[in-house]
Structure formats: C-alpha cells, structure tokens
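What follows is each chain in one-letter form.
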Amino acid sequence: MIQRRHLIQAAAALPLGLLGVAPAFAFDGAELYAGERALYEEARKEGLVVSFDTGPEWANWKALFANFKKRYPDVELTYNDLGSAATVVALEKTRRRPQADTAYYFAASAVDAAAKDVVAPYKPQGFDTLPSVFREADGRWFTIHTLNIAFLVNKKLVKNVPQSWADLLKPEYKNTVVYLDPRTAGVGQVVVFAAAYGNGGSVDDIKPGIDYLRQLHTSGNVQRVEGTTPYAKFLKGEIPIWIGYENDGLKAKHVDGMGDAVEVVIPREASVAAPYAISLVKNGPNPNAGKLWLNYIMSPAGQGLFAQGFVRPAVPGTVLPADVQAKMPPAPQIRPLDVVKASARKADVDRQWAEAALK
C-alpha cells in the first residue's frame, strides 16, 4: 500500500506532457498559417528546438528567439554560432546521432549540405512564393533573407556620393574603394557577380564583372582589397567607399553611431541578392519543433523581424512598417543570385579575378 502511494505521488510530480496529458493553450489571435495549433501541440511533446548557426546578434535572430518563445512558451530554443561551412562539417560529424533540428547558412553551404545528405525535405509556409533559385526543389533548403551588394559611403571622406558602377570609375574616386578578396570571402565572390550584372553580364557570364574590376584597379580607384570584413575600419573612418553588404552600412548608420555620415547606395544599373538559407536537419531529435521554428521564420511575423535587423525578407510581399521600409526602400534592380551556378564558378572567379586585379 505504501509503495502504491509513493508511485501515485511520483506520478503527480511529473509534467503533464510526460503523462500524455496536454494542458490547454491558446494563441493570441488567429493562426499564422493553417495547422499551426496542431503543429505546436506536437512540438510541445518534444519541448525543444536546436537551431544551428543562428547567433543572436546577426540578422536580428535575438528578436526572432524572443518572439518565438512568447508565442510558443512550451518549446525551448537553443542555438550556437558556428559559421556556415563549420555548420555543414558539424552536421556531417553527427549524422549518425544528429544534435541539431535546423541549420542556417549562406545558401552555398546549404547546397553543400543537401549534396552530403544531412538535411531533409520540408516546405514551410511561403516556400512556393520564393524565386526558384532561392530554394531547393524538394525543400532541403530555402532562402529566408538576403544580403545585397551596395556602396557604403562615408560622406565625411567623399564629397559626391556615387550612385552607379559607372560613377566609381571617375577620377574623383581615386584611392577610395575597398572590397573583399573573392578568394577568401564569400562577399568578395558576390561582389564579382554584382559587378557582372551591373555591366551587362550575369552569373553565367562573369567577364563583364571581371573586366570592370580590372578597370577599377587600373584607374587607381581601389585603395585596397581586404581579406576579412573591414567593418571596424569603416566605423573608424578609415574607408571612404566600401563595396559590401547593405546591412553593414545600415547597421553602421542606425546602430553603431555613424548616423548621417553614412549613405547606403544600391548601384543604379544592377546589384545581386545573396541568399541566406535554412534547412530541417535529417533525423533531427525534435522534428516537429524544428518545423514549428521554420514556419515561424517564414511567417510574416518572422520575416518582418529580419527586416528590422537590416536584412531583406525573402518572402515576396512581406509588409514592412513605414520606418523600416524607409531604411530599405524597394530596389527592383537587385537580382536574385543563383548560388548553385555561383558555387560552380568559384574556382573560375578566383582565377580570373586574380589575373585581372593583381597584375
């Protein structure tokens, strides 16, 4: 009798979820998408989602974490900050006993992860609205936001702000331009493709971009090529014009104190959008919680939070508050970068760029 009483007391101390009894819950307002409540119910049984490479200070992930937890209080969320290539390595090493439920990376690494069969097909809400080059056909990866090539201009050092690729070739910009080495930095590769599109080329025809960068170097307008991100140098006022990602310029302007000294320009002729993607990990420990997280990221709520972090939402038609849209006005000249083709061209870009820029 005593033993039975102890068993009853022990059972009473267990969380209701472990007893197969689900306490009632309710969202504030309507579902974000059809089936959200049912998916949350399954995710609550798992209780956790492990999100690889979503460092809180990057792309406003901190706000997405907080709002996800507010909406789904019975699902904990944990993360790490590995970097894109390292994330794929980690998924490979743990393929027999996966630790992650989702993995985020520059889309070129997503292509690699899919090829190595460490991610699973899944199509969240909004998947079918993405440009075809921003998603793997079966959903093994899909783009959630983009980073776009722009001119980040320190107006204290530059009298006339350039508005186009053609402008940058003018003599007044001698010894002012900095960008990253395509051989060592992904953004450097993207700069080459942006220059190609801006001068009549494409991801399939990089010669116009290579020729343009050769001319930019020959003119003496390139101050230097950096091996790693020069963000701190830009903040210190050491760089007049940085060809880099739009979000770095907006962060410098609105967060890190440069204010109106910075102007962020999407070049008039064309630029490219570099896709950042996410995947459901194959055989992850918490698949329903992972799917709940992915759907939230792709929801209007999640997409809007990315925009508040100065990266452009991937889902077309995402409605942004007026103050956010004012910081990132529509730029129809931005072209979606096909990372499958771009990745296949990397060695070619490295070789041609070195021949053009370093001679």
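Per chain, residue numbering runs from 1 following the sequence as it is written. Where totals are concerned, whole chains, interfaces and linings use all residues; where local detail is concerned, this predicted model gives features only for residues with pLDDT of at least 70, and gives and counts side-chain atom pairs only at 80 or more. Hydrogens and waters are ignored; side-chain quantities use all the structure's heavy atoms.

## Regarding the overall build of the protein
Under the DSSP-based scheme used, a helix requires at least four consecutive residues in state H or I and a strand at least two consecutive residues in state E, with every element numbered from the N terminus. A tally of regular secondary structure across the protein gives 15 helices and twelve strands. Taking all 359 residues of the protein together, 52% fall into the buried category. Pairs at least 24 residues apart make up 74% of the contacts formed inside the protein by residues separated by at least 6 positions. Looking at the protein as shown, the accessible area adds up to about 16,200 Å², and 54% of this sits on carbon and sulfur atoms. The convention is simple: Lys and Arg are positive, Asp and Glu are negative, and His and the chain ends are not counted. A single reference atom marks each charge: NZ on Lys, CZ on Arg, CG on Asp, CD on Glu. When the 41 basic and 37 acidic side-chain charges of the protein are each reduced to a single mean position, those positions are 2 Å apart. With a 1.4 Å probe rolled over the protein chains alone, any residue whose accessible area is under 20% of its type maximum counts as buried; one over 50% counts as exposed, and the rest are partly exposed. Contacts are assigned to residue pairs with any non-hydrogen atoms lying within 4.5 Å of each other. Per-residue accessibility takes into account occlusion by the displayed protein chains alone, with areas from the Shrake-Rupley method and a 1.4 Å probe.

## Remarks on the domain arrangement of the protein
How far each domain reaches was decided by an automatic or database domain assignment. The domains assigned to the protein are domain 1 (36-146 + 274-327) and domain 2 (147-273 + 336-358). Computed over C-alpha atoms only, the centres of domain 1 and domain 2 are separated by 28 Å. Each partner contributes residues to the interface: domain 1 has 17 residues there, and domain 2 has 18 residues. Together, the buried faces of domain 1 and domain 2 total about 1,500 Å²; carbon and sulfur atoms form 68% of this surface. By convention, the term buried area covers the 1.4 Å-probe accessible surface removed from two parts as they join, with the contributions of both added. Of all residues in domain 1, A274, F310 and K327 give up the largest surface area on contact with domain 2, accounting jointly for 37% of the area buried on that side.

## A word on helix α12 (residues 300-308)
Those residues of α12 that fall on the buried side of the exposure criterion are G302, Q303, G304, L305, F306 and A307. At its buried positions, α12 is contacted by α3 (61-71), β5 (142-154), α11 (287-298), β11 (312-313) and α13 (322-327). Note on α12: the residue one or two positions beyond its end, F310, has a positive phi of about 75°.

## So, the pairing of strand β2 (residues 76-79)
As judged from the four bridges shared by strand β1 (residues 48-52) and β2, these two strands associate in the parallel manner. If you follow V49 over to β2, its bridge partner there is L77. Note: two strands are recorded as paired if DSSP finds a minimum of 2 bridges between them.

## Topic: the packing of aromatic side chains
Aromatic pairs are defined between Phe, Tyr and Trp rings, using the six-membered ring for Trp, whenever the two ring centres lie within 6.5 Å; interplanar angles under 30 degrees are classed as stacked, those over 60 as edge-to-face, and all others as tilted. If you walk through the whole model with that rule in mind, you get 20 aromatic pairs. Between W61 and F65 the ring centres are 6.3 Å apart and the planes differ by 25°, which places this aromatic pair in the stacked class. Placement of both W61 and F65 in helix α3 is noted, with a separation of four residues, approximately one turn of the helix. When its relative accessible area of 0% is taken as the criterion, W61 is described as buried. Overall, the relative accessible area of 12% leaves F65 in the buried class.

## Topic: the environment of E36
Within the secondary structure, E36 is located in helix α2 (residues 36-46). Judged by relative accessible area, E36 falls into the buried class, the value being 0%. Through-space distance from the C-alpha of E36 to that of N295 is 8.6 Å; in sequence the pair is 259 residues apart.

## Considering the packing of helix α7 (residues 186-198) against helix α15 (residues 346-357)
Lines are fitted to the C-alpha atoms to define the axes, a helix being fitted only along its stretch in contact, and any angle between axes, read from their N-to-C directions, falls within 0 to 180 degrees. Two elements in contact, α7 and α15, have axes separated by 11 Å at closest approach and are oriented at 80°. One element, α7, and the other, α15, form an angle in the roughly perpendicular class. Facing α7, whose interface residues are Q189, V192 and F193, α15 presents K346, V349, D350 and W353. When the residues that make up the contact of α7 with α15 are grouped by side-chain class, the tally is four nonpolar, one polar and two charged. Note on angle classes: values under 35 degrees are labelled roughly parallel, values over 145 roughly antiparallel, values of 65 to 115 roughly perpendicular, and the remainder oblique. Think of it as three bins: nonpolar holds Ala, Val, Leu, Ile, Met, Phe, Trp, Tyr, Cys and Pro, charged holds Asp, Glu, Lys and Arg, and polar takes everything else, Gly as well.

## So, helix α5 (residues 107-115)
All of the buried residues along α5 are A107, S109, A110 and A113. Taken around the axis of α5, the buried residues stretch over an arc of 145°, which confines them to a single face. Buried residues along α5 sit in contact with α4 (84-93), β3 (102-106), β4 (119-120), β10 (271-281) and α14 (339-344). At the exit of α5 stands D117, carrying a positive phi of roughly 60°. Summarising the geometry, the arc corresponds to the directions from the helix axis toward the C-beta atoms.

## Digging into unusual backbone geometry
The backbone of A59 shows a phi angle near 60°, a positive value even though the residue is not glycine. Note on placement: A59 falls in the loop between β1 and α3. Judged by relative accessible area, A59 falls into the buried class, the value being 6%. Phi at F310 takes a positive value of approximately 75°, unusual for a residue other than glycine. Along the chain, F310 falls in the loop between α12 and β11.

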